[in-house]
Each structure stands twice: as structure tokens, then as C-alpha cells.
Amino acid sequence: MNSNDLWIVFTAIAVALICALPGCFLVLRRMAMVGDAISHAVLPGIVIAYLLSGSRNTMYILPGAAAAGMLVTVLIEWLQKRLRVQSDASIGLVYTLLFAIGVILVTAFTAQTDLDQECVLYGEIAYVPFDMMSIVDGGFSAPRQLWIASGLLTVLIIVITLGYRGLYLSTFDPGYATAIGISVVFWHYILMSMVSLAAVVSFESVGAVLVVALLTGPPAIASLFAKRLPLMLLLACVFGVLACVFGYLIASFLNASISGSIAVVIGVLYAFSLVIKKIFF
Amino acid sequence: MGWISDFLLLNDPTLRVVVPGVLLLCGMSAAVGCFTFLRKKSLIGDAVSHSVLPGICIAFILNGEKNIFYFLLGAMISGLASVLIIDYLTKSRFARNDTAIALMLSVFFGLGIVLLTYIQHQGNASQAGLDSFLFGKAASLNKDDLMIFGISSLLIFLLIAFLLRGFSLVSFDDSFAMSIGFPVVWLKSLLSVLTVWSIATGIQAVGVVLMAALLIAPALAARMWTNSIIKMLLLAGIFGMLSGYSGAFVSYALPQMPTGPWIVVMASVIAFGSLLLAPRKGLFSQIIERNNNEKKILQENILKIFYHIDEKSGETQKAVLQEDLLNQRSFSNRNMRKGLRILERKNYLSNHLGAWSLTSSGRVEAKRIVRLHRLWELYLQEYLHLDPDHVHDDAEAMEHVITPEIEAQLDVLLGNPTIDPHQTQIPSKDE
Amino acid sequence: MKEVKSSSVEVHNLTVIYHRKPVLWNIDFQLPEGKLIGIMGPNGAGKSTLMKAILGLVPLNSGYAKIYDQDLKDVRSRVSYIPQRQTVDWDFPATVKDVVMMGRYQHRGLFGRITAKDKEIVDEALEQVAMQSFKNRQIAQLSGGQQQRVFLARALAQQADLYLLDEPFVGVDASTEESIVSMLRSLRDQGKTLIVVHHDLHTARDYFDWIVLLNASLIGVGPLDEIFTDEKLRTTYSGKLTVLSQVGDRLREKNFPVREK
């Protein structure tokens, strides 16, 4: 393994972690498909932010795309509550529309945005080492994506640690949470913004669909074994890391998409875990 | 602009394949989508459409060239596999349904991507265009494809026509269907197969990523306009074909554009349009209905005031000065003016030199309203044990929806009363 | 209306409308302190909604609820709520101890440290419901009765004065029901107030000191003997409110507001 390989694996791991942590709460709240919707919906946000700001500067892209992610949650809730559209159809309707608009924009403005249809789907994690930066001039230099992902990871860890009781109780027993004065709506939106941010940051590396694999896969595996939430969060991270390492090895061996391989490894890990669970638990 | 008329008149021989092909695909998927929609399983359709990708790639690897027949077979197998796995995970309670769907969708799709990139890097010349399955490319349809689509849509159409009763009952209430001896398991499995089948064919035009929209959007749009399942199927088919037609147009006009996103945007525009515009259930008609309700309440309340004035003064159709009316507590001046104007137009009130009075038809109407109000108050007191001084507020809005049938029931329940909780006379029904 | 000397819960002119349908109508009552009180009524009478309205979990269309003569937000720490067992997901990754510890969150806030004292209180609560030996068990592996005991322990750990229990006896075995009842009695004997949504008329007579009879509107409230009369029960359970529900349906169908303005 040379240093490029290591950077790719590290970036993949950082991305896996920022997805796994909020992903645990999504899975527990039965909102995995809302995660799917958000991860698709950030595409038009990214493209529009590119086009308006004229740069790939993360300072513009991140808020723009995260706003698109929030928009999709609000729109889905509005369709369900105001127009009484059933939940599956409202999710499906909203995200396909936003993603379609995103793909059209990408195709129409490929030259301006550096994005193309393929990168929208598989991400461009293989190119991560070619975009290095350091925080201070001449200082330690690492891939730009890795910096961003680690920054977000730090934020997420802080938010989840500080907001642990709020997130925990509003997920497990919203009625009781409200009764003791915890705002369920507030924590709902905190979670949704974490998911949106995670989706945006991961999108460039692994593409829309595979963000879903990282959001739901490791938490789903962890939930087979974990009997407490802290353990579930930890296990989800461990499985996310495993999936990245093995996924990368398979991808290099087959000379195929890295993000796709990570998703396949997640599937294999899940299948394995099911077998182990059936036999030993 | 000759190319537009070329498109519309199907002057190009490829158009004569592409346009009917896309219409068949989209119409068929939309019709099948109605059942997935009604069974609230739209997201399974989403999972299936992503899951067919590895099947297509494996078919290509095994066969070494592009062949629609093998593609369909591969797509069917991997699509059905993901349905079965999702079912198993959910039933065995290893994962919640939403997690199972999201997981299978992304894992199967990931496998598809791995295989696709693997094939691309092999440098097999005939793989070119395999990635058009991702976002769809209507222009790549050929005559063989068209024949297969023709046959399969005919088959699906016949199946739906023959089994319509079973399919609708299973979608609506499967335990009842089971209790009257319908082969529920078979019908459900058949529906799943049809769903996978229509997705496997439809991805040619729309692509695996956005195919779910073609199942969901037309069905949702159609549901807004009708309550009958047959009409819903037809409407959804038409909406689907409209979307497909626009996609084919884009494919013709802008060959570098994938067709899928355009079909989806068009289908979504139809769906959102229906959500806004459909009669009764649509957003606009709800807003209009609410406004009408407010107007109705306003008019009836003003009529009530006139009746009270008559009652107090002992005269009938007593004239009241507009200024006095404007001083009424519970109305804004603007509303009062608006209400008076409407009532005058309806010939319930007449206006002589700034003084208003009930017309004779207005008096009949006012009496009807006051009667309902007082009956309702009495009902609330007798049956809900509400204090007379609390009754008024809650009776306020409800009396406006009381139908003659409910009025008759109230009359019987209360024993044809004549006095209300405030000890005033309840006007009799006819006089 | 019955006046009560020192009231635990006071509800005044309370109306709740759910999905455009009136569920509770102008409810007015005061409940005493230190009693075991049952809220009774047929299905759909609004029993659980009344409890949620007292706790501020559903929006009120009119009126108010006060607890110990104060607004709910000022006395939250004195109130403990035990929701219906089926409303939570028992597959959740949490142990018995974790759930009971939630009872301490209110005292420690979102960020405060859990102290040794809290752990002691949790242990005591588990002891009282005889679930000490299950404390590291995952909640998914409990029986219905055990789950209900865990919920009760969580409420005990809150060390409140007023307990609101929503259908605590649904789906629990007879021995759990008995032990819950005796626990509720001993809490009452310590001067706590317990309000229980309950639907079984036969057992109600044995369990409660006070009764709230409800069917969309208040039929009666007071000591058991005064309220459990044939006549009152007949009014509650006779279902003469079909006209009301017809009108409610029409309001919804026609998109009417329930109140004007």
C-alpha cells in the first residue's frame, strides 16, 4: 500500500463514521428511507451552490446542499400532514424529483461543475489523494475531503455526546420525553441536520446511493448485537471501518468502484452477522 | 424548427420505434405502480429498481454481448431476490422494513456498480452504452426491444384485466380477501412478479436510479382524481405515457441528455399539479372550500342577528340601520359589509336607504338557522352535560353543518323541544 | 362542580380536537390529593387524550389544566407519566437499567452528571418492582408484565408526587396486575396521587378511591360510591352520542373549522 491508498482508506473511514453515527438514530426511528431521500436530494443543492458561487469552495457547498437535505424532510412532512399523502409515496415522489433535477443540471453544466453522472453515482473517492491541502501553509498536508470529513466527525461526536439524552429519549419514548419537558421536534431537526450534513460530505466521495449503505448498513448490523445504545454506536463505527478496509481491498483486486465494493462488503458483513446471530444468540 | 415536426409526425424511422416503445414501457409501469401504491409498498419498487442492476451486469458478463432477453432475465432474477430478502428480513424481525429496504437497495446497487465498473475496465468494446441503464436512454431502443415490450405489456394488460377483482381486494384488505377464500399468497406473489417485470423493462427508458418515480408519481396523481380503481389504472397509464412521451422528445432533441430524469420531472409535475389542482382532495379546492365555509358561517351568523332583533322587538322583518349592525361585537366591519352584500344578492336581505331588513325568504332561512342552533345547544346540554353558559361557544361552528337528517334525529332524541337552554323559544320547523 | 380542598389536578373548560374531530368537550373538574383515581369510559371516550391533555402532550383548543395550582411547566418535576406500553419500541437497544435511569434525566437535565445517588435511586426502584435481577437484561427480552414493571420503576425513580398511568394493565399477567395494584396502593398511602386510565369496570370497584367517568364529556367525578351508580354508568356506556360523531364526521368531510374565528 502506498500513501495514496492510505489516504483513500482514511477518507473512506471518516466518511463511514460520519454516516454511521447519525445512521444509528435514523434506523432506530424507522426513518432509513428518509435518509435515502436526503442523500439523493443533496445533489441539486450541491449543483446549484456550485453554479451560484462559481467555486467548489466547501464554505458555499455545505450550507447549500444541507439546506436541500432539510428541504426534502420538510417537504415530505408537508405532503404527509397537509395533503395526507401516504408516507412511502411522499418519500418516493420528493426524492426522485429532486435527484432528477440534479442529474439534469449536472448533465447540462458538466463543464462548469466538475461533476458528471458517474461521479454522482459512485463518487470520486479514488481521486481524493490528488486534492491535498494543509491547514497552515507548509504544514501537515492531507486530502481536502479527509479534512472536511474529520471536521464534521468532530462536530457530530460533540453534538451526540452533549445531546445524548435528548436524542436517546426522543427516539425511544417521545411521549415520555415531552412529558418531562424535552422538545421532540427540536431533536428531530438536530438529527435531520446531522444526516443532511453527513450526506453532503459523503456525497462527493461515495455518491448518492452508497451514502445510504453507510447510513443504514453498519447501524443495522450493530443493532443485531448491541444491547445498549452506546454499544450500538460503537459497533456501527467498527463495522463501518471494517467495510471500508475490505471494500478497498476488493476494489483494488477487481479494479472496480471503491464505493460500490464498500457497499457489497456491508451486505456480506450483514449476511455473516445474521448467520452468527442465528447460531449463537 | 423542422425537427419538432419530425418528432411529432414520427418522420424519423428510429422515432417509430422509440416513441411507441417508451409509451408502452411507461404506461405499463404506471398501471402496475397503482397496485404497489395502493399496497403502500412504493418503496419496495424503489428497492427493486436499484436491485436489477447487478442482474443486468451478470447477464452481460455471462453472455458477452447486449441481448435484451438475457438482460430481462437477469434483471428479473436479481429484482425478485431483493424482494424475497426484504420480505425475509422483515418477517424474521431481523430488521425493520424501512431498514431492510434501504439496505438491500444500496447493497444490490453497490454490487451493480462494482460489476459495471469491472466490465468497463475490462475494455470489452461491446459494453459501450451499458451505463445507459443508470439514467435511461430511450434512443437506444431497437425493433427487437419493441417487440418484447409489446408482448409483455399485452400480457400485463390481460393479467390485470382478468385478475382485477383479486388484485384490488388484495391491495385493499388482504385479510378479508383471505377470509373469503381468495388465493391471497398467489395474488400477492403475482403482483410482486409484475412489479419486478415492469421495472425490469421500464429501466430501458428511465434508468434504475429513478425508475421508482414511474411507479409512484402517475399512481399518486391518478389517485387524486378518482376513487375508482379502473379509472385510476387508466389515468395512471395516461399520465405515465405523457411523461414518457416528453422523455422521448428530450432524447431526440438533446442526445447527450439521459431520458430518465426528464420523464421523472414530467411525471412529478403531473403529480404535484394533481396534488394542487384535483377536485375535493387537492390543495386549492381545500382552500376554496374553507373560504366558502367561512362565508357560509358569516352569512348564517348575520341572519341570526336579524332574527334575534326581530325576536326582541316583537316585529317581523324589522329594519336596522347599517351603523347599528357595524357595531355588532363579533364581526369586523369588513366582514359585516361583505356578508350584507352577499345576503342582499341572495335576496335574503333588502336595503332601503341604509336600513337593512330580512326579506320573507331571508326570514325563513334565519329561522331555520336559529332553530338548528338552539336544538344543537339543547343536545349538547342534555347529552354532553355541558353547562348552558358553556354551550354557546362549542355549538357555534357545528350548527352550520347540520343536515336535515341530523336535524330530524335531534328532534326525535330531544322529544320535539320548544325551549332551549337559555329559556328562549326554539322556532318550529315549518310555519 | 365538585370543589376539592387541595387539588392535585384541576381541569377547566378543556376542549380537545384531534384531526378536526372533537374528542373532549368542555371538561371541568378538580381531583384531590393522595387518592388512587381511575379514569373510566368506553373505547374512544377520550380517556388517554384527557391524560395527554393534562400533560400538555396534545394541543388544547380551549381551557387549561393545572397541576398543584400551577402551570405544568413549573411542576414537571413533580409529575410522572407512564405511557401505554405499546407506544414504544421494545426492540430498542437499551437495558432495564438504562430505561429506569431515564427517570433521573429530569433531575439531572440534558447534560448534568449521573451521580452515585441516582444509581442508588434506580436500584431502589428496581427493587420495589422486583426487577433487580433483570437489570442488565435487554428490554426486548422481557415479557409484557416485566416491561410494565420497568416503566413503573422509571416512574418511581422520578420520585414524583403525581403519577399518571395510561392503561397499565393491558397485556400483563394476573400476578403483575396484582403487584402493580399493591404498589399503587402503597404509593397512595405515602400520600402520592395516582391517576390511572382503566377500562375494566369489574376491577375498577376494587382498585380506585375516586372515579372520573368520561364519554367525550364529563359524566361524573367523585368518590367511587357516588359515581359508580347504575344510572351514571348507563349514561357513560349507552353510546347515545352518535349524533355528535356524525356532526364531527361532517366537519371533517367539509373542512369546517370546529370553532369560528
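Quick caveat, the model's predicted, so the values are computed rather than measured. (Residues numbered from 1 in each chain as written. Chains lettered and ligands numbered in written order. Predicted model: local features only at pLDDT ≥ 70, side-chain atom pairs only at ≥ 80, totals over all residues.)

Draft legend 1. Quick peek at the overall build of chain B. In terms of helices and strands, chain B carries 18 helices and three strands. In terms of C-alpha radius of gyration, chain B reaches 32 Å, well past the compact-globule figure of 22 Å for 431 residues. Considered along the principal axes of its C-alpha atoms, chain B spans approximately 100 × 60 × 35 Å. Within the span of chain B, comprising 431 residues, buried residues form 49% of the whole. (Helix = DSSP H or I, 4+ residues; strand = E, 2+ residues; numbered from the N terminus. Rg over C-alpha atoms; globule rule 2.2 N^0.38 Å. Buried ≥ 20, exposed ≤ 12 C-beta atoms within 10 Å, placed from the backbone.)

Draft legend 2. Here's a closer look at the interface of chain C and chain A. Contact residues are listed per partner, giving 19 residues for chain C and 19 residues for chain A. Grouping the constituent residues of the side of chain C that touches chain A by class yields 12 nonpolar, four polar and three charged. (Contact = placed C-beta atoms within 7 Å. Nonpolar A, V, L, I, M, F, W, Y, C, P; charged D, E, K, R; others polar.)

Draft legend 3. Region of interest: helix H5 (residues 97-122) of chain B. Residues and elements named next belong to chain B. Look at H5: 37 Å from first C-alpha to last across 26 residues, which is about the 38 Å you get at 1.5 Å a residue. Burial analysis of H5 places 20 of its 26 residues in the buried class, which makes it a mostly covered element. Following H5 by one or two positions, Gly123 adopts a phi angle in the positive range, close to 75°. (Expected span 1.5 Å × (residues − 1).)

Draft legend 4. Summary view of the interface of chain B and chain A. Each partner contributes to the interface: chain B provides 45 residues, whereas chain A provides 46 residues. Mapped onto the side of chain B that touches chain A, the elements with two or more residues apiece are helix H3 (42-63), H5, helix H6 (132-135), helix H10 (211-225) and helix H12 (260-277) of chain B. In terms of residue count, the dominant contributor to the side of chain B that touches chain A is H5 of chain B (16 residues). Its residues assigned to classes, the side of chain B that touches chain A comprises 31 nonpolar, nine polar and five charged.

Draft legend 5. Seen up close, the sheet that holds strand E4 (residues 62-67) of chain C. Residue and element names in this part refer to chain C. Within the open sheet, the three strands sit side by side as E2-E1-E4. Their pairing is antiparallel. With one partner strand each, in any of the chains shown, strand E2 (21-32) and E4 form the two edges of the open sheet. Within this sheet the neighbouring strands show an average axis-to-axis angle of 15°, counted without direction. Summarising the sheet, strand E1 (residues 7-18) and E2 pair through eight bridges and their orientation is antiparallel. Following the sheet pairing, Val11 is matched in E2 by Phe29. The strands touched by helix H1 (residues 47-54) within the sheet are E1, E2 and E4, with E1 carrying the most contacts at an inclination of about 115°. (Pairing = 2+ DSSP bridges. Axes fitted to C-alpha atoms, helices over the stretch in contact; angles between N-to-C directions.)

Draft legend 6. How the structure looks around helix H1 (residues 3-28) of chain A. Residues and elements named next belong to chain A. Taking 1.5 Å of rise per residue, the 26 residues of H1 would be expected to cover 38 Å, and the 37 Å separating its terminal C-alpha atoms lies within 8% of that figure. At Pro22, H1 shows its largest bend, some 35°. In terms of residue burial, H1 counts as a mostly covered element, since 21 of its 26 residues are buried. Downstream of H1 by one or two residues, Arg30 has phi in the positive range, about 60°. (Bend = angle between axes of the 7 residues up to and from the residue.)

Draft legend 7. A look at the nonpolar core. Of all hydrophobic cores here, the largest spans 330 residues; its most connected members are Ala12 and Ile18 of chain A together with Leu164 of chain C. A per-element tally of this core places H1 of chain A first, with 18 residues. When residues are assigned to domains, this core turns out to be shared by domain 1 (12-281) and domain 2 (292-414) of chain B, each giving three or more. Setting aside anything within four residues of it in sequence, one finds Ala12 of chain A in contact with Ile125, Cys244, Tyr248, Ile258 and Ile262 of chain A. (Core = buried A, V, L, I, M, F, W, Y, C linked by C-beta atoms within 7 Å. Domains from an automatic or database assignment.)

Draft legend 8. The arrangement of the environment of Phe149 of chain B in detail. All names here are of chain B. Note that Phe149 resides in helix H7 (residues 143-172). When the C-alpha atoms of Phe149 and Thr99 are compared, they prove to be 33 Å apart, with 50 residues separating the residues in sequence. In this view, Phe149 contacts Gly21, Leu24, Leu25 and Thr201; residues no more than four positions away in its chain are not counted.

Draft legend 9. Just the sheet that holds strand E3 (residues 36-40) of chain C, in detail. Residue and element names in this part refer to chain C. The six strands are arranged E5-E6-E7-E3-E8-E9 in an open sheet whose pairing can be described as mixed. Looking at the sheet topology across the chains shown, the edges are occupied by strand E5 (79-82) and strand E9 (217-223). Across the sheet, the axes of successive neighbouring strands diverge by a mean angle of 15°, strand direction being ignored. In this structure, strand E8 (residues 210-215) lies alongside E9, joined through six bridges in antiparallel fashion. From the neighbouring strand, Ile211 faces E9, where its bridge partner is Gly222. The sheet contacts of H1 involve E3, strand E6 (162-166), strand E7 (193-197) and E8, and relative to E6 the element is tilted by about 145°. Packed onto the sheet, helix H9 (residues 230-237) meets E8 and E9 and runs at close to 150° relative to E9.

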